[in-house]
Amino acid sequence: MRCKILHLMLGLFLVLLLSVSVTIKASVADDGYEQCERAVKNWASSNSVDSEVRDDKHALRDLLFFLHVPRTGGRTYFHCFLKKLYINSEECPRSYDKLRFNPRKTNCRLLSTHDDYSVMSKLPKEKTSVITILRDPIDRVFSTYEFSVEVAARFLIHSNLTSVKRMTPLARRKSSGVSTLDIWPWKYLVPWMREDLFDRRNDRKLRGQAHLVTNNSYDMEDIVMPLHDYINDPIAQDIIHNGATFQIVGLTNNSYFAEAHEVRHCVLKHRSLGEYVLEVAKKKLDEMLYVGLTENHKESANMFANIVGAQVISQHKKLSSSSDGAEQSSAPPKTKFDANDKGNNTYQSLKNVSSTAKDEVARKNMTVEKLMEAYETCISSLRDSQAGRRVTSLKGISPANFTKEARRKVPEALIQEIASLNSLDVELYKYAQEIFNKQHAMMQSMVKTESIVGTLMSTGTTKPPTFYLLSITALMLLLIIFFYVNSRRRTLKVKL
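Residue positions are given per chain, counted from 1 along the sequence in the order it is written. Residue-level local features of this predicted model are given only where pLDDT is at least 70; pairs of side-chain atoms are given and counted only at 80 or more, and the full residue set underlies all totals for whole chains, interfaces and linings. With hydrogens and water excluded, all non-hydrogen atoms of the structure serve as input to the side-chain values.

**Some remarks on the packing of helix H3 (residues 74-85) against helix H14 (residues 368-394)**
The criterion, for reference: For helices, the fitted line uses only the C-alpha atoms of the stretch in contact; every axis is such a line through C-alpha atoms, and the angle between N-to-C directions lies from 0 to 180 degrees. In DSSP terms, a helix is any run of H or I states spanning at least four residues, a strand is any run of E spanning at least two, and both are numbered starting from the N terminus. Two helices that cross are described as forming a left-handed crossing if the nearer one is turned anticlockwise from the farther one by less than a right angle, and a right-handed crossing if clockwise. Note on contacts: a residue pair is in contact if any heavy atoms of the two residues lie within 4.5 Å. Each residue gets one label: Ala, Val, Leu, Ile, Met, Phe, Trp, Tyr, Cys and Pro are nonpolar, Asp, Glu, Lys and Arg are charged, and the others, such as Gly, are polar.
Orientation of H3 relative to H14, taken along the N-to-C sense of each, is 145 degrees, at an axis distance of 9 Å. As for the relative orientation of H3 and H14, their crossing is right-handed in sense. Along the contact surface, H3 presents Arg-75, Thr-76, Tyr-77, His-79, Cys-80, Phe-81, Lys-84 and Leu-85, while H14 presents Leu-371, Met-372, Ala-374, Tyr-375, Cys-378, Ile-379, Leu-382 and Gln-386. Considered class by class, the residues forming the contact of H3 with H14 number eleven nonpolar, three polar and two charged.

**Notes on the environment of Leu-268**
To be explicit about the condition: Exposure classes here rest on a 1.4 Å probe applied to the protein chains alone. A residue is buried below 20% of its type maximum, exposed above 50%, and partly exposed in between.
Here Leu-268 shows up in helix H10 (residues 260-269). A residue is classified by how much of its surface remains accessible, and Leu-268, at 31% relative accessible area, is partly exposed. Expressed as a C-alpha distance, the spacing of Leu-268 and Leu-421, which sit 153 residues apart in the sequence, is 9.9 Å. Among all residues touching Leu-268, those that are not within four sequence positions of it are Gln-237, Asp-238 and Phe-246.

**Observations regarding the environment of Val-190**
Relative to the elements of secondary structure, Val-190 occurs in helix H6 (residues 186-207). Given the relative accessible area of 0%, Val-190 is considered buried. Along the sequence, Val-190 and Tyr-145 sit 45 residues apart, while their C-alpha atoms lie 9.8 Å from each other. If near-sequence neighbours (up to four positions away) are discounted, Val-190 is found in contact with Val-151, Ala-152, Phe-155 and Leu-181.

**Regarding unusual backbone geometry**
Cis geometry is adopted by the peptide bond preceding Pro-185, which originates at Trp-184 and carries an omega value of 0 degrees. With respect to the helices and strands, Pro-185 occurs in the loop between helix H5 (161-174) and H6. Put simply, Ser-398 and Pro-399 share a cis peptide bond, and its omega is 15 degrees. Not every positive phi belongs to a glycine, and Arg-71 is a case in point at roughly 65 degrees. Along the chain, the position of Arg-71 falls in the loop between strand E1 (63-67) and H3. Backbone geometry places Asn-242, a non-glycine residue, at a positive phi of 55 degrees. Mapped onto the elements of the fold, Asn-242 is located in the loop between helix H8 (234-239) and helix H9 (243-249). A relative accessible area of 9% places Asn-242 in the buried class.

**Comments concerning the nonpolar core**
This is how the line gets drawn: In these notes, a set of buried Ala, Val, Leu, Ile, Met, Phe, Trp, Tyr and Cys residues joined through side-chain atoms within 4.5 Å is what counts as a nonpolar core.
Core analysis: the biggest nonpolar cluster contains 77 residues, and Leu-64, Tyr-77, Phe-81, Leu-134, Leu-285, Phe-304 and Val-308 have the highest contact counts within it. Each residue touching Tyr-77, except ones within four places of it in the same chain, is listed here: Phe-66, Leu-82, Ile-133, Tyr-290, Ser-300, Ala-301, Phe-304 and Tyr-375. Membership of the second largest hydrophobic core comes to 45 residues, among which are Ile-138, Tyr-145, Val-149 and Leu-161.

**Quick look at H10**
Note the cut-off: The reported arc concerns the directions from the helix axis to the C-beta atoms and nothing else.
Buried within H10 we find Ala-260, Val-263, Arg-264, Cys-266 and Val-267. Down the axis of H10, the smallest arc covering the buried residues is 160 degrees, so these residues share one side.

**Considerations on the pairing of E1**
Stated formally: Here, any two strands with at least 2 DSSP bridges between them count as paired.
The element E1 is largely enclosed, with a buried count of five among its five residues. As judged from the five bridges shared by E1 and strand E3 (residues 128-134), these two strands associate in the parallel manner. Note on E3: the bridge partner recorded for Phe-66 is Ile-131.

**Quick look at the pattern of salt bridges**
The cut-off we apply is this: Each salt bridge in this description consists of a side-chain nitrogen of Lys or Arg and a carboxyl oxygen of Asp or Glu lying within 4 Å of one another.
In total, this model carries twelve salt bridges according to the counting rule given. Of the charged contacts, one joins Asp-196 and Arg-200 as a salt bridge, the two residues approaching to 2.5 Å between their closest N and O atoms. Of this pair, Asp-196 and Arg-200 both sit in helix H6, separated by four residues, roughly a single helical turn. The exposure class of Arg-200 is buried, given its relative accessible area of 15%. Among the ionic pairs, Asp-222 bridges to Arg-207, the shortest N-O distance being 3.2 Å. In this pair, Asp-222 is assigned in the loop between H6 and helix H7 (227-232) and Arg-207 in helix H6, connecting sequence segments 15 residues apart. Taking the relative accessible area as the measure of exposure, Arg-207 reaches 46% and is therefore partly exposed. Within this structure, Asp-139, Glu-146, Arg-390 and Arg-407 form a network of salt bridges that share partners.

**Remarks on the state of the cysteines**
Inclusion rule: Our working definition of a disulfide is a cysteine sulfur pair at a distance within 2.5 Å.
Across all of its chains, the model carries three disulfides by this definition. Disulfide partner of Cys-92: Cys-108, at an S-S distance of 1.7 Å. Sign of the S-S torsion, about 100 degrees for the bond between Cys-92 and Cys-108, identifies this disulfide as right-handed. Placement of Cys-92 in the loop between H3 and strand E2 (110-113) and of Cys-108 in the loop between H3 and E2 is noted, with a sequence separation of 16 residues between them. An identical accessibility class is assigned to Cys-92 and Cys-108; each is buried. Within the chain, bonded cysteines paired by disulfides and numbered along the sequence follow the pattern 1-5, 2-6, 3-4.

**Quick look at the pairing of E3**
Both faces of the sheet carry side chains from a regular strand, because those side chains alternate between them. Among the seven residues that make up E3, seven are buried, leaving the element largely enclosed by the rest of the structure. Residues of E3 alternate between two faces, with Thr-128, Val-130, Thr-132 and Leu-134 on one and Ser-129, Ile-131 and Ile-133 on the opposite face, all of them buried. Bridging between E3 and strand E4 (residues 290-293) involves four bridges; their strand directions are parallel. For Ile-133, the partnering residue across the bridge sits in E4 and is Gly-292.

**Some details on the packing of aromatic side chains**
Selection rule: Ring pairs are drawn from Phe, Tyr and Trp, using the six-membered ring of Trp, whenever the two centres fall within 6.5 Å, and their geometry is named by plane angle: stacked under 30 degrees, edge-to-face over 60, tilted for the rest. Two conditions define a charge sitting above a ring: the NZ of Lys or the CZ of Arg must be within 6 Å of the ring centre, and it must be within 35 degrees of the ring normal.
Under the criterion given, the structure shown has 14 aromatic pairs. For the ring pair Phe-147 and Trp-186, a centre distance of 4.8 Å and an interplane angle of 65 degrees mean the geometry is edge-to-face. Taken together, the residues span a long stretch of sequence, with Phe-147 in helix H4 (residues 137-153) and Trp-186 in helix H6 at a distance of 39 residues. For the pair Phe-147 and Trp-186, a shared accessibility class is recorded, and that class is buried. Pairwise contacts between aromatic rings join Phe-142, Tyr-145, Trp-192, Tyr-218, Tyr-230 and Phe-402 into one cluster. For the cation-ring pair, Arg-194 lies above Phe-155, with the distance from its terminal atom to the ring centre recorded as 4.8 Å.

Shown next as structure tokens:
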């Protein structure tokens, strides 16, 4: 009898053990990890094949693509650097949603856009140089939150959302410029925040409460969405967190890649798969002509002027000298406009020709030193106008005021949560710092070499001593070998 009972208990135990095993396997299968792993690995493998680091990556090519990561200071670079280097007719018509132009047209030499790296599938890759700027991920999340609130608060002059939806399209039709609501990612983030601000204002009115005064601008839930709610919302998870990494590999929700949605959501669901995306992002940075850092503002600007600016200036001078004769015997080129442009009247056309002529004259006399002088003047006025507009916008949500002092009151636990949610961006930023330091060392060596040559030439001899020539040549060879070995080493490190 006891044996039967023991056999029965043993049988029940085995059945229970088997059911648990089946349940665990079913749970793993339902989780979809294996399918996601295959999808991410296949995507990463296909991207690694196309990501060999070019030996001439520091040489400017025909088309310059500025991959503008939001809230990194890219607008300053565009207006204060790139607009000084390229005239209007050379700038590709910008697109903030989907491409509406032919990037292979001959006079398209500059593309500045919030599009992610997938736009390279529409460009002549072998003729395109890419530049970008990265920012400390925690600061970038703060800045994204603040800008979303700032722009959304501008609509609080309306009595309700119905008025906003009725008046906004009319205002946009009257304006010839591009609205923030057309630009990724603000076309998603601003309407979301705008609706939230109106809901909170309506709640205050219903309670008969004007506003609640607190000492933490990032946690005024009666007035604006608290930062801790903002970072944990599904919209932020999909668009903001690790946004720089996803943009640099072409996996945003604005991507041209068909597999982008699946890969991005697999990485969001299974964080360990993010390592594959991170390695591809590092490779993309390795390929770029220039990687700037928002925090190293002065060094980044100086390096941009010497690495990118100097080559653009040299390129323009070569093109100008070779086309002077042809231009004298041909009609002025027509400026090509985007399909949505409204500049089709005579006055606008004359204004464009005049502006282009002035820009051309200024560009012919451009040097790196003059470029830096123009940049310093430009950023000063640009910052003043931005600061004034910000103050005006935030009046609608007073007493909330986003300052450095207010940021210091944010709990450390919340800051650590932001860092955790942006772990890929944190690692990519560290890698970008390494690249930046190497670029900076290379630039300093180049400037030093040019200074030595300049000193020798200024002595009045057209032929410097053989010793100095050999030293300079040896130095340049060592630099080339150093950066080539490092780039090859980084290529071999990629594990897919």
